[in-house]
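Spelled out from the first residue to the last, the chains are:
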Amino acid sequence: MRLDCCAISKQFGPHQALRNVSVSVAAFQSLAIIGPSGGGKTTLLRIIAGLEIPDAGYLRIDEQPLDFSEASLLLHRRRIGTVFQAYNLFPHLTARENVMLPLVVVHGLSRVEANATVDALFERFQLSRHADRRPAELSGGQQQRVAIVRAIAIKPRFLIFDEPTSALDPEMTAEVLDFIAELRDEGRDLIIVTHNMGFARQVSDQCLFIAEGQVLEAGRSIDVFGRPRNPLLTNFLAKVLRY
Amino acid sequence: MLMQASGQPVARVAWIASWCLVALLAAAVFSFAFSQLQYGWNWQAIWHYREKFLQGWLITVALSASALLASLLIGLLAALARRSAFLPLRYAAMLYVETVRGTPLLVQILILFYVVANAFGIENRYFVGVLALSLFAGAYLSEMIRSGIESVRDSQLESARAIGLTRAQTYRHVVFPQVVRQLVPPLTGQFASIIKDSSLLSIIAVSEFTLNAQEVNAFTYSTLESYLPLAVGYLLLTLPISLLSRVLERRFYFAT
Ligand SMILES: Nc1ncnc2c1ncn2[C@@H]1O[C@H](COP(=O)(O)OP(=O)(O)OP(=O)(O)O)[C@@H](O)[C@H]1O
Ligand SMILES: [Mg+2]
């Protein structure tokens with residue numbers, strides 16, 4: 001897919017989260033966004049996901065400009081799969097009902113069709129045993145996998161992940177990252193923010209480095225990780241790779 | 001055998017034995033109190049008026065049930081109004097809730113009946129009675145509903161937005177189901193309160209349970225015999241509700 005950001009700015013109170021961000025990633029299947037905490041990664045991702053409206057600038061996804069009216073943003077959100085750090089699932093619904101909700105309510109499937117879709121997906125991703133459990137009865141890793149299944153069940157144009165494993169312990173992290181890598185191998189387009197540099201490097205073909213509200217480096221992941229040019233990036237990589 | 005930490009399961013034998021002990025003690029206290037009375041019981045006269053008791057009791061049930069339904073609607077509207085972006089609406093709801101919660105129900109019934117209903121030419125005292133009860137309970141319910149709505153975390157609203165639910169769909173499928181589950185225990189408590197509070201409608205001559213007992217007392221001069229069935233009649237309604245509340249609470253429970 002292709003992503004073009006043109007002069008995007010976003011301010012929260014006195015704080016400028018994104019400063020005039022312009023970047024084009026011409027062809028990618030998997031885009032990683034890395035950078036220090038508070039740099040603006042989530043803000044950019046939320047704008048791409050249609051959850052936040054920039055103060056200025058515009059965005060094109062696959063050459064289509066994104067219209068920031070609420071009505072078209074709603075349609076935009078319905079066509080992409082978004083997974084946050086945690087608490088993606090609704091606590092009063094079982095895993096199955098969580099996945100069925102958007103299928104039935106938003107995408108107009110009958111309950112029978114939605115049930116069949118869920119069965120097939122749960123079967124494929126080894127979640128069948130947990131289908132009738134509520135989120136509180138699932139491990140953090142299982143919750144995230146159900147959330148990812150909910151995101152792919154709607155056959156989205158692409159997937160968006162914002163630090164999907166940062167609330168998990170190492171074992172569950174591996175389980176979720178394997179899942180995401182599997183989706184990448186299936187050929188799904190995805191954009192992921194992650195603090196896990198090893199994973200970012202392995203899963204992505206293109207990479208953005210965001211710090212202080214700006215994209216300071218963009219390019220092929222091999223280059224961004226292998227031959228960083230920006231001193232802030234060099235510094236950042238040295239710091240996160242030290243341990 | 002009669003000891004068990006709170007929150008732990010209780011064995012059947014211990015349960016029965018303890019209840020028997022409590023019942024025995026209560027019976028002892030009350031039979032002593034009544035025996036000191038030197039009271040000439042006259043149940044004959046009361047039995048004569050059994051139909052009247054039953055009629056009053058049924059009216060109380062009907063009044064309370066209608067007031068519960070109306071108060072749910074009023075509470076829901078007031079809760080939504082308090083969250084409205086339109087400020088006058090929000091403040092009107094606030095004024096309503098605070099006024100009702102800050103004044104006695106008795107005063108509200110009198111003002112509603114003798115001032116408001118009178119001014120608007122509403123003569124049906126049963127209608128005014130149900131209105132007074134439901135406005136009163138609605139104020140409390142609106143606060144319960146509001147805190148239920150606000151307890152649904154922002155992260156869930158964000159998830160709902162991300163999967164493409166509209167605002168109405170979010171309320172329908174995410175917020176309200178959780179509010180309803182939370183609302184079950186306080187709602188049954190509220191219903192019990194409405195039943196007891198409905199006795200105050202006797203002051204505007206609504207012919208409910210309490211008023212009928214008062215009338216029987218006036219006819220027969222048998223005060224205790226008139227009012228003891230009253231206590232039993234209210235308990236007959238409120239006890240099952242409180243038991244039902246516990247069952248529902250368990251049924252709807254889910255960890256967050
Ligand atoms: N809704 C908001 N209200 C106020 N400030 C915000 C909001 N969202 C983000 N910010 C601020 O904007 C800046 C960028 O935040 P953002 O969440 O995009 O950073 P991030 O790169 O995702 O950081 P992290 O790695 O910690 O998640 C931060 O300083 C943050 O405090
Ligand atoms: Mg973030």
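Residues numbered from 1 in each chain as written. Chains lettered and ligands numbered in written order. Predicted model: local features only at pLDDT ≥ 70, side-chain atom pairs only at ≥ 80, totals over all residues. Heavy atoms only, no water.

Engineer: Sorry if this is basic, but what is going on with the overall build of chain B here?
Structural biologist: From N to C terminus, chain B includes 10 helices and 0 strands. For 256 residues, the compact-globule estimate of 2.2 N^0.38 gives 18 Å, and the C-alpha radius of gyration of chain B, at 23 Å, exceeds that figure by more than 25%. Considering only C-alpha atoms, chain B reaches an extent of 75 × 65 × 30 Å along its principal axes. For chain B, buried positions account for 38% of its 256 residues. By sequence separation, contacts in chain B at least 24 residues apart represent 74% of the contacts at least 6 residues apart. Here chain B displays about 15,100 Å² of accessible surface, and carbon together with sulfur accounts for 68% of that area. (Helix = DSSP H or I, 4+ residues; strand = E, 2+ residues; numbered from the N terminus. Rg over C-alpha atoms; globule rule 2.2 N^0.38 Å. Buried < 20%, exposed > 50% of the residue type's maximum accessible area, 1.4 Å probe, protein only. Contact = heavy atoms within 4.5 Å. Areas by Shrake-Rupley, 256 points an atom, 1.4 Å probe, with all protein chains shown as cover.)

Engineer: What is the right way to read the packing of helix H4 (residues 111-124) of chain A against helix H5 (residues 140-153) of chain A from this model?
Structural biologist: Each pair of packed helices can be described by the angle between their axes along with the distance between the axes. All names here are of chain A. Put simply, H4 and H5 touch, their axes get as near as 11 Å, and they point 130° apart. In this view, H4 runs oblique relative to H5, as classed from their interaxial angle. The crossing of H4 and H5 is right-handed. Along the contact surface, H4 presents Thr117, Leu121 and Phe122, while H5 presents Val146, Val149, Ile152 and Ala153. Looking at the contact of H4 with H5, its residues break down into 6 nonpolar, 1 polar and no charged. (Axes fitted to C-alpha atoms, helices over the stretch in contact; angles between N-to-C directions. Parallel < 35°, antiparallel > 145°, perpendicular 65-115°, else oblique. Left-handed = near helix turned anticlockwise from the far one by under 90°. Nonpolar A, V, L, I, M, F, W, Y, C, P; charged D, E, K, R; others polar.)

Engineer: Hey, could you run me through the interface of chain B and chain A in this one?
Structural biologist: Accessible area lost upon the coming together of the parts serves often as the stated size of an interface. Counting from both sides, the interface comprises 22 residues of chain B and, opposite them, 21 residues of chain A. The interface formed by chain B and chain A holds 1 salt bridge in total. Of all the secondary-structure elements, those providing two or more residues to the side of chain B that touches chain A are helix H7 (154-162) and helix H8 (167-197) of chain B. Looking at side-chain class alone, the side of chain B that touches chain A contains 9 nonpolar, 9 polar and 4 charged residues. (Salt bridge = Lys/Arg side-chain N within 4 Å of Asp/Glu carboxyl O.)

Engineer: Just to check I follow, could you spell out the site of ligand 1 for this structure?
Structural biologist: Residues and elements named next belong to chain A. Taken together, 13 residues form the shell around ligand 1, and within it Ser37, Gly38, Lys41, Thr42 and Thr43 come nearest. Side-chain polar atom of Ser37 to an oxygen atom of ligand 1: 2.5 Å apart, as the coordinates give it. Within the side chain of Lys41, one N or O atom sits 2.8 Å away from an oxygen atom of ligand 1. Of all the cavities here, the one that holds ligand 1 is the second largest pocket. Of all the elements in the fold, those that place two or more residues in the shell around ligand 1 are strand S2 (15-25) and helix H1 (41-48). (Near = heavy atom within 4 Å. Polar contact = N/O pair within 3.5 Å; in protein donor to acceptor, adjacent residues only side chain to side chain. 1 Å grid on protein atoms, 1.4 Å probe; cavity = no way out; pocket = protein on both sides within 12 Å on 5 of 7 lines; lining within 4 Å. Sits in = over half its atoms within 2 Å of the grid points.)

Engineer: What exactly am I supposed to notice about the packing of helix H3 (residues 50-82) of chain B against H8(B) here?
Structural biologist: All names here are of chain B. As a packed pair, H3 and H8 sit with axes 11 Å apart at the nearest point and diverge in direction by 140°. Relative to H8, H3 is oriented oblique. Both H3 and H8 take part in a crossing whose hand is right-handed. On the side of H3, the interface is formed by Thr60, Ser64, Ala65, Ala67, Leu68, Ser71, Leu72, Leu76 and Leu80, while H8 contributes Tyr171, Phe176, Leu187, Phe191, Ile194 and Ile195. By residue class, the composition of the contact of H3 with H8 is 12 nonpolar, 3 polar and no charged.

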